[in-house]
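Chain residues, written in single-letter form:
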Amino acid sequence: SGTASTDPVTVHTVLPDGFDFVQASEGGTYTAATRSVTWKLQPLQSGGSKAVALKLRAVAAGDGALRTLAVAQPDAGPI
């Protein structure tokens, strides 16, 4: 919670071993080479929040831990 809005937010998560990607909400993009999903979200208003969802399929035993990073930074335009 804060008193200012954010810059656009990028959320990046790496799939754990033993899981395959099925789908991501909010326009999340899967990259097979890095086994990761990235969401590029609009700025959040003061006190705002945004939820994203990720659907995976278990294909082998594993710890199932997701490593996720969210960063708010000025939009640099298309990459």
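Refer to the structure presented above.
What counts, and where the lines are drawn
- Residue positions are given per chain, counting from 1 as you read along its sequence in written order.
- Where local features are concerned, this predicted model is filtered to residues with pLDDT of at least 70; where side-chain atom pairs are given and counted, the filter is 80 or more; whole-chain, interface and lining totals use all residues.
- Just so you know, side-chain values use all the structure's heavy atoms and leave hydrogens and water out.
- By definition, any uninterrupted DSSP run of H or I lasting at least four residues is a helix, any uninterrupted run of E lasting at least two residues is a strand, and each is numbered from the N terminus.
- When DSSP finds at least two bridges between two strands, those strands are taken to pair.
- For helices, the fitted axis covers only the stretch in contact; all axes are lines through C-alpha atoms, and the angles between them, taken along N-to-C directions, range from 0 to 180 degrees.
- Salt bridge, as used here: a side-chain nitrogen of Lys or Arg that lies within 4 Å of a carboxyl oxygen of Asp or Glu.
- The cut-offs for exposure are 20% and 50% of the maximum accessible area for each residue type, with area from a 1.4 Å probe on protein chains only; residues under the lower value are buried, those over the upper are exposed, and the others partly exposed.
- What counts as a ring pair is set by centres within 6.5 Å for rings of Phe, Tyr and Trp (its six-membered ring), and what kind of pair is set by the plane angle: stacked under 30 degrees, edge-to-face over 60, tilted for all other angles.

Visitor: Honestly, the environment of A51 in this entry has me stumped. Any pointers?
Guide: Take A51: it is sitting in the loop between β4 (36–41) and β5 (54–58). Spatially, the C-alpha atom of A51 lies 8.7 Å from that of E26, the residues being 25 residues apart in sequence.

Visitor: Help me understand the sheet that holds strand β3 (residues 29–31) in this model?
Guide: What links the strands of a sheet is backbone hydrogen bonding, and the strands pair in either a parallel or an antiparallel sense. Strand order in the open sheet formed by four strands is β3-β4-β1-β6, and the pairing between neighbours is antiparallel. Among the strands making up the open sheet, the edge pair consists of β3 and β6 (67–72). If you compare each strand with its neighbour and ignore which way they point, the axes differ by 20° on average.

Visitor: Could you clarify how one ought to interpret the pattern of salt bridges in this entry?
Guide: When the charged atoms of two side chains with opposite charge come close together, those side chains can pair. Across all of its chains, the model carries one salt bridge by this definition. Across the pair K50 and E26 runs a salt bridge, and its minimum N-O distance is 3.2 Å. On the criterion of sequence distance, the pair formed by K50 in the loop between β4 and β5 and E26 in the loop between β2 (19–24) and β3 is long-range, its members being 24 residues apart. Judged by its relative accessible area of 45%, K50 is partly exposed.

Visitor: Explanation requested: the environment of A60 in the structure shown.
Guide: Residue placement: A60 occurs in the loop between β5 and β6. A60 sits 54 residues away from T6 along the chain, and the two C-alpha atoms are 38 Å apart.

Visitor: Please clarify how the packing of aromatic side chains should be interpreted in this entry.
Guide: Geometry of an aromatic ring pair is reported as the spacing of the ring centres plus the angle between the planes. Under the defined criterion, the tally for this structure stands at one aromatic pair. The interplanar angle of 0° and the centroid separation of 4.5 Å between the aromatic rings of F21 and Y30 together place this pair among those described as stacked. F21 gets classed as partly exposed once you look at its relative accessible area, which sits at 24%.

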